[in-house]
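Structure at a glance
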Amino acid sequence: MNETIFPVAPTLGERARAALGRRNLVFVGLMGAGKSAIGRMTASQLGLSFIDTDNEIERVSRMTISELFAAYGEEEFRALETRVIKRLLRTGPRVISTGGGAFINDKTRKQIERGGVSLWLKADLDVLWERVNKRDHRPLLKTENPRQTLENLMNQRYPVYALADMTIQSRDERKETIVKEVLEAVIEYMGKGSRHEQD
Ligand SMILES: Nc1ncnc2c1ncn2[C@@H]1O[C@H](COP(=O)(O)OP(=O)(O)OP(=O)(O)O)[C@@H](O)[C@H]1O
Ligand SMILES: O=C(O)C1=C[C@@H](O)[C@@H](O)[C@H](O)C1
Ligand SMILES: [Mg+2]
């Protein structure tokens, strides 16, 4: 019997994986933007491993983020975060979801610029608040008016997150849809005159 073999078109994930090459894909953005949830699903589509820097920091320090802030303060936490991210970028490629403040730190942001392509998951205050107000494990939001604190962080940080290579709006939409947009953005960014084109 004659068998006809049809060429199989690569999936969106496979095309994005090829476009990414040896680069890490690094998710940045505020608490609740979806970096962990969308990052994990994106990694699975790309066939890459996934790591969340907050989880990795908790693993290596054997302390929770809240405990680290309480025991050593934010500055020490940032120094640890910088070290952890540097190591993760060196041993990729992988998908890395960063803690909300990582990209704001100049040193960490420069590392990410060198070792990865960055994607800002941008979200409105209402979306973020809806997602973060259910849990109280975030030390920076342990204030009298956490919604206002979140808004202040948006005002301070959004100009810096805007330096990321790509931006995708995180909104009340199925996670699968956001992941698809992420993969399309990677293909477009890596293909069209990105600063990583020659890598
Ligand atoms: N598109 C979406 N639709 C519905 N829920 C979402 C969507 N994206 C994320 N979420 C949910 O919002 C919550 C916050 O998301 P996630 O933990 O991924 O945010 P994060 O950016 O990693 O926050 P943090 O910086 O605090 O770790 C989670 O419960 C997640 O499942
Ligand atoms: O936005 C921030 O500065 C933070 C976000 C979290 O992911 C944690 O990294 C920590 O709570 C600090
Ligand atoms: Mg997270």
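All of these numbers come straight from a predicted model, not from anything done at the bench. (Residues numbered from 1 in each chain as written. Chains lettered and ligands numbered in written order. Predicted model: local features only at pLDDT ≥ 70, side-chain atom pairs only at ≥ 80, totals over all residues. Heavy atoms only, no water.)

1. A word on the site of ligand 1
- If you check the shell around ligand 1, you find 13 residues, and the closest are Gly32, Lys35, Ser36, Ala37 and Arg138.
- In this structure, an oxygen atom belonging to ligand 1 sits 3.3 Å away from a main-chain N or O atom of Ala33.
- Ser36 places a polar side-chain atom, nitrogen or oxygen, 2.8 Å from an oxygen atom of ligand 1.
- Protein chains shield 74% of the accessible area of ligand 1, which is 640 Å² for the free molecule.
- Among the detected pockets, ligand 1 sits in the largest pocket. (Near = heavy atom within 4 Å. Polar contact = N/O pair within 3.5 Å; in protein donor to acceptor, adjacent residues only side chain to side chain. Areas by Shrake-Rupley, 256 points an atom, 1.4 Å probe, with all protein chains shown as cover. 1 Å grid on protein atoms, 1.4 Å probe; cavity = no way out; pocket = protein on both sides within 12 Å on 5 of 7 lines; lining within 4 Å. Sits in = over half its atoms within 2 Å of the grid points.)

2. Some points on the site of ligand 2
- With respect to spatial proximity, the complete set of residues near ligand 2 consists of Met31, Asp54, Ile65, Phe77, Arg78, Gly99, Gly100, Gly101, Pro139, Leu140 and Arg157.
- Taking Asp54, its side chain carries an N or O atom lying 2.5 Å from an oxygen atom of ligand 2.
- Contact with the protein chains hides 94% of the accessible area of ligand 2, taken as 310 Å² for the molecule alone.
- Because more than half of its atoms lie within 2 Å of the grid, ligand 2 is assigned to the largest pocket.
- For the shell around ligand 2, the element with the highest residue contribution is helix 4 (residues 65-90), accounting for three residues.
- Residue composition of the shell around ligand 2, by class: five nonpolar, three polar and three charged. (Helix = DSSP H or I, 4+ residues; strand = E, 2+ residues; numbered from the N terminus. Nonpolar A, V, L, I, M, F, W, Y, C, P; charged D, E, K, R; others polar.)

3. Focus: the UniProt feature "binding site: ATP" (unreviewed entry) in the protein
- Taken from the UniProt record, the annotation "binding site: ATP" (unreviewed entry) applies to Gly32, Ala33, Gly34, Lys35, Ser36, Ala37 and Arg138. Of the annotated positions mentioned, Gly32, Ala33, Gly34, Lys35, Ser36, Ala37 and Arg138 line the largest pocket.
- For Ala37, the location among the structural elements is in helix 2 (residues 35-46).
- On the accessibility criterion, Ala37 (33% relative accessible area) is partly exposed.
- Following the sequence through the fold, Arg138 ends up in the loop between helix 6 (125-132) and helix 7 (146-161).
- When neighbours within four sequence positions are excluded, Arg138 is seen to be in contact with Met31, Gly32 and Val132. (UniProt positions renumbered as here; feature names shortened; annotations may be inferred. Buried < 20%, exposed > 50% of the residue type's maximum accessible area, 1.4 Å probe, protein only. Contact = heavy atoms within 4.5 Å.)

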